[in-house]
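Structural characterization, general
The primary structure of each chain is shown beneath.
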Amino acid sequence: MSSFNSLGLIEPLQQALSELGYRRPTSVQSEAIPQVLAGQDLVAEAQTGTGKTAAFALPLLQRLAGDTGASARALILVPTRELAQQVCQSLEAYGRYLVLRPVALFGGSRADVQIRKLERGADILVATPGRLLDLIDRDIVSLSQLELLILDEADRMLDLGFIADMRRICEQRPAGCQTLLFSATLSGSIESLIEELLHRPRWVRVDRRNSAAKTVQQIAYGVDQRDKADILSYLIQGGQWQQALVFTRTKKRADQVAAYLQEEGIDAAALHGDKPQRERQQVLAAFARGVLRILVATDVAARGLHIDALPRVVNYDLPQVPEAYVHRIGRTGRAGGSGQAISLVAPDERRLLQAIEAALGRQLPLKPVPFFGQEMGGDTAESPKSARKPRNRATRTAKPKAASKPQPQADDTGGRAVRPSLLSGAKRRR
Ligand code: AMP
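Since the model is a prediction, treat every value here as computed from it, not as a measurement.

This part takes up helix α6 (residues 129–137). Taken together, the buried positions of α6 are occupied by Pro129, Arg131, Leu132, Leu133, Leu135 and Ile136. Here the buried face of α6 lies against β2 (74–77), β3 (102–105), α5 (111–119), β4 (124–127), α7 (154–159) and α8 (163–171). Two residues or fewer after α6 comes Asp139, characterised by a positive phi angle close to 60 degrees.

Right, dumping it as structure tokens:
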């Protein structure tokens, strides 16, 4: 098994890694780091959670560590502001014993603050395409000294419609600029982009295309659409979940679900693109610190988010495209840790489930929602009886008893829960 030392990393980086508790490189790191250090262009098919950030950040820092002076010697292009901030923080953490300065540039936040940071000197830019092009057009940023360009989450940048911006940015690279492309999934358009932008790249593939982290236990519950909020609240409380990231299809639904959980006495907040940037940052920070219990988010907002040891992701709504499912569940089970991904699948989402199964190459059989007291995927070993009972749910008081009853079977509802106590009489607020 390789070590960071055997990959040829310099001592200041190794020191930082050891302080961060990184004992061994992950497989994408073992494969990518030596090739990037050797100056190769590289394509890495690696999903988030595999350690891909360090796979490019470490050799990048080492390549630049030798001499300082020119600004913008490396650029990491990312799809979202959250990812820009996160990658910048990783660079600061890995480079704590080096004198290189990364600066994050992203929209939705004041440009003048970012420009002041640039004026103090920035060796590495971590940017979203729109804001970067704006600063280039205003002659505030020049890419003429660029030695390394990294396109992170390139598939996502294409999904978000950044293709023209990515091309324009790449045109500004000086000849010979080393270019790396990271993508969780590869499509025909990514492949043509690789052909266009990279020079005889090496390939690193750490996981089968579209496969999810193996450490994530995937569960699909068959439910009725109108019961979803109720079931989510029941699972959180009955399973004593410490933390979960819940995905909804729309911003409005994220707000509704968060409001519903709050009414149930569960600490929850919504995160989506309509929220002011400041509020988004506060919510993310609270969730990352473990202060906020449930974060209800849309795909765009949750992109790039990483929380160490996040135990659980819930697909409140299945995503429209299977790739989004892979990204979502990649928020848990990171860097070899275990995690659980729970999907609430309504009858009208069966088609989406089939598409996900086809992409994963495995079945996700629909199960009934467990009775209180059955294996609910709890975060503590305590008896679920100690879970705070939901307000206004007289029907739930019978749940501990139900645990000793025969287990409900999937019936002709196609795996939907047969739990009269939950499904009847429960007040519906959505
Ligand atoms: P990423 O795939 O870059 O989003 O990284 C996922 C998580 O794994 C982050 O929390 C990293 O801090 C962590 N990580 C990356 N590489 C290692 C490693 N070699 N050992 C332990 N944790 C790591």
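And the narrative resumes.
Per-residue confidence for the chain averages 82 on the pLDDT scale, and 80% of its residues sit at or above 70. Every residue in residues 380–430 scores below 50 in pLDDT, and together they form 99 contacts with partners more than four places removed in sequence or on other chains.

Turning our attention to the pattern of salt bridges. Under the definition given, this model contains 17 salt bridges. One salt bridge in this structure joins Arg167 and Glu196, with 2.5 Å as the shortest N-O distance. With a gap of 29 residues between them, Arg167 in helix α8 and Glu196 in helix α9 (residues 188–197) connect regions that are remote in the sequence. Residue class for Glu196 comes out partly exposed when judged on its relative accessible area of 42%. With its nearest N and O atoms 3.6 Å apart, the salt bridge here joins Glu279 to Lys275.

Turning our eyes to something else, we now look at the packing of aromatic side chains. Taken as a whole, this structure holds two aromatic pairs when the rule is applied. When the centroid spacing of 5.8 Å and the interplanar angle of 65 degrees are considered together, the rings of Tyr22 and Tyr94 count as edge-to-face. With Tyr22 in the loop between α1 (11–20) and α2 (27–37) and Tyr94 in helix α4 (residues 81–94), this residue pair connects regions lying 72 residues apart in the sequence. Here Tyr94 falls in the buried class, since its relative accessible area comes to 4%. Just above the ring of Tyr316 sits the side chain of Lys228; from NZ or CZ to the centre is 5.8 Å.

Attention shifts here to the sheet that holds strand β14 (residues 366–367). If you walk across this open sheet you meet the seven strands as β10-β11-β9-β12-β13-β8-β14, and the pairing is parallel. On the outer flanks of this sheet lie β10 (268–271) and β14, each paired with one strand and no other. Of the strand pairs in this sheet, strand β8 (residues 216–222) and strand β13 (residues 339–345) are connected by seven bridges, and their pairing is parallel. In the sheet register, Tyr221 faces β13, and the bridge partner there is Leu344.

All right, on to the state of the cysteines then. Going through the model one piece at a time under the given rule, you end up with zero disulfides. With no disulfide partner, Cys177 has as its closest neighbouring cysteine sulfur the one in Cys170, 8.4 Å distant. On the basis of relative accessible area, Cys177 is assigned to the buried category, the value being 9%.

Another point: the nonpolar core. Counting residues in hydrophobic clusters, the biggest one holds 41 residues, and the most contacted among them are Leu58, Leu60, Leu61, Ile76, Leu91 and Ile124. It is helix α3 (residues 52–65) that contributes the most residues to this core, eight residues altogether. Leave out the neighbours within four places in its chain, and Ile124 touches Leu60, Leu61, Leu64, Ala74, Ile76, Leu91, Leu100, Arg101, Pro102 and Val103. Counting residues in each nonpolar core, the second largest holds 36 residues, with Val43, Ile115, Leu135 and Met157 among its members.

Its place among the elements puts Glu82 in helix α4. Within the structure, the side chain of Glu82 is placed 2.9 Å from the side chain of Arg280, a separation counted as a polar contact.

A word on the packing of helix α14 (residues 322–329) against helix α15 (residues 350–360). For the pair α14 and α15, the least separation of the axes is 8 Å and the interaxial angle reads 75 degrees. Classified by the interaxial angle, the pair formed by α14 and α15 is roughly perpendicular. Every residue of α15 that contacts α14 at Pro322, Tyr325 and Val326 is listed here: Ala355, Ile356, Ala359 and Leu360. Residues that form the contact of α14 with α15 fall into these classes: seven nonpolar, no polar and no charged.

Attention now goes to the sheet that holds strand β5 (residues 148–151). Reading across the sheet, the seven strands line up as β3-β4-β2-β5-β6-β1-β7 and stay open at both edges, with parallel pairing between neighbours. Both outer strands of the open sheet, β3 and β7 (202–205), are each paired with one neighbouring strand and no more. Averaged over all adjacent pairs, the angle separating strand axes in this sheet is 15 degrees, with direction ignored. In this structure, strand β1 (residues 42–45) lies alongside β7, joined through four bridges in parallel fashion. Counterpart to Leu42 in the pairing with β7 is Arg202.

The rules we used
Residues numbered from 1 in each chain as written. Predicted model: local features only at pLDDT ≥ 70, side-chain atom pairs only at ≥ 80, totals over all residues. Heavy atoms only, no water. Buried < 20%, exposed > 50% of the residue type's maximum accessible area, 1.4 Å probe, protein only. Helix = DSSP H or I, 4+ residues; strand = E, 2+ residues; numbered from the N terminus. Contact = heavy atoms within 4.5 Å. pLDDT = per-residue confidence, 0-100. Salt bridge = Lys/Arg side-chain N within 4 Å of Asp/Glu carboxyl O. Phe/Tyr/Trp six-rings, centres within 6.5 Å; stacked < 30°, edge-to-face > 60°. Lys NZ or Arg CZ within 6 Å of the ring centre and 35° of its normal. Pairing = 2+ DSSP bridges. Disulfide = S-S within 2.5 Å. Core = buried A, V, L, I, M, F, W, Y, C linked by side-chain atoms within 4.5 Å. Polar contact = N/O pair within 3.5 Å; in protein donor to acceptor, adjacent residues only side chain to side chain. Axes fitted to C-alpha atoms, helices over the stretch in contact; angles between N-to-C directions. Parallel < 35°, antiparallel > 145°, perpendicular 65-115°, else oblique. Nonpolar A, V, L, I, M, F, W, Y, C, P; charged D, E, K, R; others polar.

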